[in-house]
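Inside the fold
If you want the building blocks of each chain, they are given just below.
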Amino acid sequence: MLISGLITFIAAVHYFYMRDFWAETGTSPTEFRYIDWILTVPLMCVEFYLILKAFGAKMDLLWKMIAYSLWMLIFGYLGETVYRDSSAIWGAISTLGYIGIFYEVWFGSAKKLSQGSNDPHLQKAFNTLAWFILVGWAIYPIGYMAIPTDGLLSGVLPLESLDIIYNIGDAINKIGFGLVIYSLAISSGKKAEA
Ligand SMILES: *C/C=C(C)/C=C/C=C(C)/C=C/C1=C(C)CCCC1(C)C
């Protein structure tokens, strides 16, 4: 619960900065956004680790997921800033990190720990988070494709949609993750009382 609170707090602080930046310059607050993500996405990996810890998750699972997320974010950042003219290729490289996380949660050791837990509350929460990774996180690459230089959807989506899509993704995923963790905490609490 503490980590979920921290994630929404970090995001809230950055959204204040991003709002001012947008209001003053009329351009995308890319730096603030990626500083937010580089803190909050690894914390989401910590949430996966913590809910699986009682069922045998080891630190190497956590480090693997954090490494995938840093890979995803660092290359995405490069594609949005320094190498904007070749954003598509950097986006493709970044996507490998996303696939790594996706694999871990849907088929890899994280999935196996959840299945082996025999705890229906944990499994339900884990599966919901896995769907957030598949559907909720897929919102971001769509926003990224609105980059005007060579984005795959740049002719279709106006430039502003990049920030709007990222904002929608953040709202869905950060609040969604928080609610899943919250309901897991409640149901595990009930079980502990019984
Ligand atoms: C709270 C913030 C979250 C959950 C941010 C998630 C960000 C992503 C899943 C970003 C993914 C990207 C790709 C898969 C390719 C293009 C570049 C990114 C960084 C937008």
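Residues numbered from 1 in each chain as written. Predicted model: local features only at pLDDT ≥ 70, side-chain atom pairs only at ≥ 80, totals over all residues. Heavy atoms only, no water.

The next point concerns unusual backbone geometry. Not every positive phi belongs to a glycine, and Asn 118 is a case in point at roughly 55°. Examined against the element boundaries, Asn 118 turns out to sit in the loop between helix 5 (109–116) and helix 6 (120–136). (Helix = DSSP H or I, 4+ residues; strand = E, 2+ residues; numbered from the N terminus.)

A few words now on the site of the ligand. Near the ligand there are 18 residues, and of these Met 72, Ser 94, Tyr 140, Asp 170 and Lys 174 occur at the shortest range. For the ligand, whose free accessible area comes to 530 Å², the fraction covered by protein is 100%. At the level of elements, helix 2 (30–53), helix 3 (59–80), helix 4 (87–106), helix 7 (139–144) and helix 8 (160–193) are the ones that each hand at least two residues to the shell around the ligand. Counting residues per element, the shell around the ligand draws most heavily on helix 2, at five residues. A class-by-class count of the residues in the shell around the ligand yields eleven nonpolar, five polar and two charged. (Near = heavy atom within 4 Å. Areas by Shrake-Rupley, 256 points an atom, 1.4 Å probe, with all protein chains shown as cover. Nonpolar A, V, L, I, M, F, W, Y, C, P; charged D, E, K, R; others polar.)

Residues Ile 35, Ile 38, Leu 39, Leu 70 and Ile 74 make up a contiguous nonpolar surface patch of roughly 370 Å² in combined accessible area. Counting residues per element, the ones that place at least two in the nonpolar patch are helix 2 and helix 3. At three residues, helix 2 tops the list of elements feeding residues into the nonpolar patch. Of note, Leu 70 is situated in helix 3. (Patch = residues over 30% accessible without salt bridge, like charges linked within 9 Å, V, L, I, M, F, W, Y side chains within 5 Å. Salt bridge = Lys/Arg side-chain N within 4 Å of Asp/Glu carboxyl O.)

Glancing now at the nonpolar core. With 46 residues, the main nonpolar core has Phe 48, Ile 51, Leu 52, Trp 137 and Phe 177 as its most contacted residues. For this core, the elements supplying multiple residues, two or more each, are helix 1 (2–25), helix 2, helix 3, helix 4, helix 5, helix 6, helix 7 and helix 8. Looking at this core element by element, the count peaks at eleven residues for helix 2. Those residues in contact with Phe 48, other than ones at most four positions away along the chain, are Met 65, Val 105, Phe 126, Leu 129, Ala 130, Ile 133 and Phe 177. (Core = buried A, V, L, I, M, F, W, Y, C linked by side-chain atoms within 4.5 Å. Buried < 20%, exposed > 50% of the residue type's maximum accessible area, 1.4 Å probe, protein only. Contact = heavy atoms within 4.5 Å.)

Now for the pattern of salt bridges. Note that side chains of opposite charge can pair when their charged atoms are close. Tallied over the full model, the rule gives six salt bridges. For Asp 20, the salt bridge identified is with Arg 19, shortest N-O distance 4.0 Å. Take Asp 20: its relative accessible area is 39%, and that puts it in the partly exposed class. Taking relative accessible area as the criterion, Arg 19 reaches 52% and is therefore assigned exposed. Measuring nitrogen to oxygen at the nearest pair gives 3.4 Å for the salt bridge that ties Glu 104 to Lys 64. With a gap of 40 residues between them, Glu 104 in helix 4 and Lys 64 in helix 3 connect regions that are remote in the sequence. One network of salt bridges, in which partners are shared, links Arg 33, Asp 36, Asp 163, Asp 170 and Lys 174.

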